[in-house]
Amino acid sequence: MKLRYLLAAAFALAGCAHAGSHQLASGARYVNMGSSFAAGAGTGPAPAGSPARCYQSTVNYAHLLAERLDLALTDVSCGGATSAHILNAWNELPAQIEAVASDTKLVTITVGGNDIAFAGNLTAASCEQGETIRVATFAVPCPARFPVAEEAYANLERNLREIAQQISARAPDAKIVFIQYVTLVPQTQCAQSRFTEEEAAELRLVARRLADITSRAAAESGASVLRMDEVSRGHTPCDADPWSTGLPRDYDESLGAPWHPNRAGMVAIADQLQRLLAHR
């Protein structure tokens, strides 16, 4: 496994309304897909029967929302997944989009960070060479920065548009919601982040490009966007009420996966999703 995906797996413990014709009824089919940010890596115990390598959590935003609204959830999110793994099989895992059926009424998607090595580069900037990072059963050295080709951004945007189009074709009545990544890079650095100001500025730019790509793809395909990047400002790992975990020197796995939403972040996303769906 390439180091980039090893790290994504390790650190996983890495708009316009779609024209749905009905409000979500009790028992409606709901599919959650994406990467570890959708899976809720590190936030709680794994659901029974979920793939061990995906690091899904029973308290990710999808499970919280499904419990609140009495939805029939199929969670195919997986730590380390890229947008390509939604559209295509990933080793033993089928393409995530295969979970969408004609009677699916809601699909939520958080993906893209692994396409552009976002979590990997957040980690590379917040640790030192020679430092060992221990997450779940993994122990990996502090990585060097992952170079990202410009084409990776273009491929991501194409894949996001294709994902929305395929969902619409498979489930014409489904509400499609792309969920933006929570804001991770603090305005003022602290022991949780350990970035230089130059590193922080570069990472903010990557986060902004990821959000812009997601918004454009959603708008062009008629999907909705949950702007967690905006809602979560003031809730970075360096803030008083953090919705995500950084990578301090004394990192404690009980806080959640490094550079991922924590339990409070998952609750906040579920809250915002519920509000968005209520205003359809």
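What you see is a predicted model, and the numbers here were worked out from it, not measured in a lab. (Residues numbered from 1 in each chain as written. Predicted model: local features only at pLDDT ≥ 70, side-chain atom pairs only at ≥ 80, totals over all residues. Heavy atoms only, no water.)

(A) Examining the overall build of the protein more closely. When helices and strands are tallied, the protein shows nine helices and nine strands. Taking 19 Å as the expected radius of gyration for a compact globule of 280 residues, we find that the protein reaches 17 Å, a close match to that expectation. Per-residue burial for the protein yields a buried fraction of 55% across its 280 residues. Total accessible area on the protein is roughly 11,400 Å²; 52% of this is exposed by carbon and sulfur atoms. (Helix = DSSP H or I, 4+ residues; strand = E, 2+ residues; numbered from the N terminus. Rg over C-alpha atoms; globule rule 2.2 N^0.38 Å. Buried < 20%, exposed > 50% of the residue type's maximum accessible area, 1.4 Å probe, protein only. Areas by Shrake-Rupley, 256 points an atom, 1.4 Å probe, with all protein chains shown as cover.)

(B) Region of interest: the packing of aromatic side chains. Tallying each qualifying case throughout the model produces two aromatic pairs. Note on F37 and Y181: the rings are 4.5 Å apart at their centroids and 50 degrees apart in plane angle, and the pair reads as tilted. Highlighted residues: F37 in helix α2 (residues 36–39) and Y181 in the loop between β6 (175–179) and α7 (197–221), separated in sequence by 144 residues. Here F37 and Y181 have matching classes, each one buried. Ring geometry for F195 versus W259: centroids 5.0 Å apart, planes at 20 degrees, classification stacked. Pair noted here: F195 is in the loop between β6 and α7 and W259 is in the loop between β8 (244–245) and β9 (260–261), with a separation of 64 residues, a long-range link. (Phe/Tyr/Trp six-rings, centres within 6.5 Å; stacked < 30°, edge-to-face > 60°.)

(C) Structural view of the packing of helix α6 (residues 150–170) against α7. Axis separation between α6 and α7 bottoms out at 9 Å; the angle between their running directions is 30 degrees. Handedness of the α6/α7 crossing: right-handed. Facing E150, Y153, L156, E157, L160, R161 and A164 of α6, the residues of α7 in contact are V206, R209, L210, I213, T214, R216, A217, E220 and S221. (Axes fitted to C-alpha atoms, helices over the stretch in contact; angles between N-to-C directions. Left-handed = near helix turned anticlockwise from the far one by under 90°. Contact = heavy atoms within 4.5 Å.)

(D) Here's a closer look at the pairing of strand β4 (residues 132–135). Along β4, the buried face is formed by I133 and V135; none of T132 and R134, which line the opposite face, is buried. Across four bridges, β4 lies against strand β5 (residues 138–141) in antiparallel orientation. In the strand pairing of β5, V135 is matched with F138. (Pairing = 2+ DSSP bridges.)

(E) Region of interest: the sheet that holds strand β7 (residues 224–226). Read from one edge of the open sheet, five strands run β2-β1-β3-β6-β7, paired in parallel fashion. Unpaired on one side and paired on the other, β2 (72–75) and β7 mark the two borders of the sheet. Looking at each pair of strands side by side, their axes are set apart by 20 degrees on average, direction ignored. Of the strand pairs in this sheet, β6 and β7 are connected by three bridges, and their pairing is parallel. Bridge assignment links V177 to a residue of β7, and that residue is S224. Relative to strand β1 (residues 29–34), helix α3 (residues 61–69) is tilted by about 170 degrees, and along the sheet it contacts β1, β2, β3 (104–110) and β6.

(F) Structural context of the pattern of salt bridges. Counted under the stated rule, the structure contains 15 salt bridges. For E157, the salt bridge identified is with R216, shortest N-O distance 2.8 Å. Note that E157 is positioned in helix α6 and R216 in helix α7, a separation of 59 residues in sequence. Relative accessible area serves as the criterion here: at 39%, R216 is assigned to the partly exposed category. Salt bridges sharing partners connect three or more residues here, namely E157, R161, R216 and E220. (Salt bridge = Lys/Arg side-chain N within 4 Å of Asp/Glu carboxyl O.)

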